[in-house]
Amino acid sequence: MKKKFGTLLVISLGCMGLFTACTSSADVMPQPSPTVGTNGMVTSAPQATATPGTVQNMPVMPAATAEPATVGAANTVADAQRLSDRVEDEVEKLSEVDEASAVVVGNVALVGISYDGQYKSGMTDRLKGMVTDRVEMTDKTITAVHVTDDETLRKSIAALNDMMDGADASFDQLQARALELAAKLTGGNLTKPEPTGGMT
């Protein structure tokens with residue numbers, strides 16, 4: 001009996017030693033410390049402190065996107081150029097698309113596409129919907145997307161995009177040209193966007 005008791009005692013002490021070793025580097029729960037409020041009352045508020053070991057071991061999560069979140073529609077030449085380039089990049093990720101040209105002005109996106117050599121179906125409702133979805137996901141302020149596969153119009157959209165590189169290009173000029181192109185794409189049913197970026 002004494003031999004069994006001694007064996008159990010040694011096992012118990014060994015287990016306690018392991019548990020102690022495991023818990024010695026565990027995080028300590030933050031303890032509330034008293035603070036004095038504006039009304040002079042003393043309250044206990046928790047203060048979180050970081051344990052050095054836990055900060056180093058936390059995995060670094062990649063950012064969802066390198067671009068800053070958009071606060072408003074593209075109402076400057078710089079914003080229009082940035083959003084237009086992002087839209088082109090996103091649309092060109094579609095396997096059916098070989099090249100995309102895009103211009104985003106206000107909340108309107110004009111997109112011209114040429115097809116990948118293996119894609120033979122042309123501009124279907126499905127493809128137009130895929131392009132539209134991709135553009136709207138690129139930036140939530142874009143509420144009107146006009147897509148064309150007409151090569152002449154695509155080249156006109158590309159030329160308008162190139163116009164944004166010019167140092168003397170004004171937003172009013174860009175907007176006027178974009179509306180002319182949009183009118184060709186929609187049969188002339190567009191009017192100038194309001195200053196807030198909404199369509200009238």
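That block above? That's the structure.
Reference entry: report on the structure contained in this document. (Residues numbered from 1 in each chain as written. Predicted model: local features only at pLDDT ≥ 70, side-chain atom pairs only at ≥ 80, totals over all residues. Heavy atoms only, no water.)

**Focus: helix α6 (residues 171–186)**
As a reminder, the rule being used: For helices the rule is a DSSP run of H or I covering at least 4 residues; for strands it is a run of E covering at least 2, with both sets numbered from the N terminus onward. Expected helix span is given by 1.5 Å per residue-to-residue step, counting one fewer step than there are residues. Relative accessibility thresholds used throughout: buried, under 20% of the residue-type maximum; exposed, over 50%; partly exposed, between the two (1.4 Å probe, protein chains only).
Relative to the 22 Å expected for 16 residues at 1.5 Å per residue, α6 spans 22 Å between its end C-alpha atoms, a close match to the ideal helical length. The complete set of buried residues in α6 reads Phe171, Leu174, Gln175, Ala178, Leu179, Leu181 and Ala182.

**Looking at the nonpolar core**
Under the convention used in this document: Among the buried residues, those of types Ala, Val, Leu, Ile, Met, Phe, Trp, Tyr and Cys that are joined through side-chain atoms within 4.5 Å form a nonpolar core. When checking whether two residues touch, look at their non-hydrogen atoms; a contact exists if any pair is within 4.5 Å.
Counting residues in each nonpolar core, the largest one holds 37 residues, and the members touching the most others are Val87, Val91, Val111, Val131, Val135 and Leu174. For this core, the secondary structure elements donating two or more residues are α3 (77–91), β3 (97–105), β4 (108–115), α4 (125–138), β5 (144–148), α5 (151–163) and α6. Among the elements that make up this core, the one with the highest residue count is β3 (6 residues). Excluding its chain neighbours within four sequence positions, the residues that come into contact with valine 87 are Ala102, Val104, Val111, Val135, Thr138 and Ile142.

**Observations regarding the sheet that holds β4**
Note the following rule: Whether two strands pair depends on DSSP finding at least two bridges between them. The angle between two axes is taken between their N-to-C directions and runs from 0 to 180 degrees, where each axis is a line fitted to C-alpha atoms and a helix contributes only its stretch in contact.
The 3 strands are arranged β3-β4-β5 in an open sheet whose pairing can be described as mixed. Each having just a single partner strand, β3 and β5 make up the two edges of the open sheet. For this sheet, the mean angle separating the axes of adjacent strands, direction not counted, is 20°. Lying over the sheet, α3 contacts β3 and β4, oriented at roughly 155° with respect to β3.

**Examining the environment of alanine 144**
Position of alanine 144 relative to the elements: it lies in strand β5. Overall, alanine 144 belongs to the buried group, its relative accessible area being 16%. Taking the C-alpha atoms as reference points, alanine 144 and asparagine 107, 37 residues apart in sequence, are found 6.4 Å from one another. When residues no more than four places from it in sequence are discounted, the contact partners of alanine 144 are Asn107, Val108 and Ala109.

**Points about the packing of aromatic side chains**
The criterion, for reference: Side-chain rings of Phe, Tyr and Trp, where Trp is taken by its six-membered ring, are said to pair if the distance between their centres is within 6.5 Å; with planes under 30 degrees apart they count as stacked, over 60 as edge-to-face, and otherwise as tilted.
Inspection of the entire model under this criterion finds 1 aromatic pair. Relative to tyrosine 119, the ring of tyrosine 115 lies with its centre 5.2 Å away and its plane at 45°, an arrangement referred to as tilted. Among the residues examined, tyrosine 115 registers a relative accessible area of 23% and is labelled partly exposed.

**A short note on the environment of leucine 160**
Relative to the elements of secondary structure, leucine 160 occurs in helix α5. Separated by 15 residues in sequence, leucine 160 and glutamine 175 have C-alpha atoms that sit 9.9 Å apart. In contact with leucine 160, other than residues within four places in its own chain, are Val103, Leu174, Arg177, Ala178 and Leu181.

**A few points about a negative patch on the surface**
This is how the line gets drawn: What goes into a patch is any residue over 30% in relative accessible area without a salt bridge, connected to like charges within 9 Å or, for nonpolar side chains (Val, Leu, Ile, Met, Phe, Trp, Tyr), within 5 Å. We get accessible surface area from the Shrake-Rupley algorithm with a probe of 1.4 Å; when it comes to residues, only the shown protein chains can shield them. One side-chain nitrogen of Lys or Arg within 4 Å of one carboxyl oxygen of Asp or Glu is enough to make a salt bridge. His residues and chain termini do not enter the charge count, which takes Lys and Arg as positive and Asp and Glu as negative. Every charge is mapped to an atom, namely NZ of Lys, CZ of Arg, CG of Asp or CD of Glu.
Together, Asp85, Asp89, Glu92, Asp98, Asp162 and Asp165 make up a negatively charged patch on the protein surface. By secondary structure assignment, the location of aspartate 162 is in helix α5.

**Concerning the pattern of salt bridges**
Following the criterion strictly, the structure yields 6 salt bridges and no others. In this structure, arginine 82 and aspartate 79 form a salt bridge, with 3.6 Å as the shortest nitrogen-oxygen distance. Residue arginine 82 and its partner aspartate 79 are located together in helix α3, separated by 3 residues, close to a single helical turn. For aspartate 79, a relative accessible area of 27% corresponds to the partly exposed category.

**Side note on the pairing of β4**
Just so we agree on the cut-off: With its strands directed away from the observer, a crossover is right-handed exactly when the path from the first strand over the helix to the second travels clockwise.
In terms of burial, β4 is largely enclosed, as 7 of its 8 residues are buried. As paired strands, β3 and β4 are joined by 8 bridges and run antiparallel to one another. Within β4, the position partnered with valine 105 by the bridge is valine 108. Linking β3 back to β4 in an antiparallel pair, the connection comprises 2 residues, with glycine 106 at a positive phi of about 65°. Note: β4 against β5, 5 bridges, orientation parallel. By the bridge assignment, valine 108 is partnered in β5 with alanine 144. The parallel pair β4 and β5 is bridged by α4, and the resulting crossover is right-handed.

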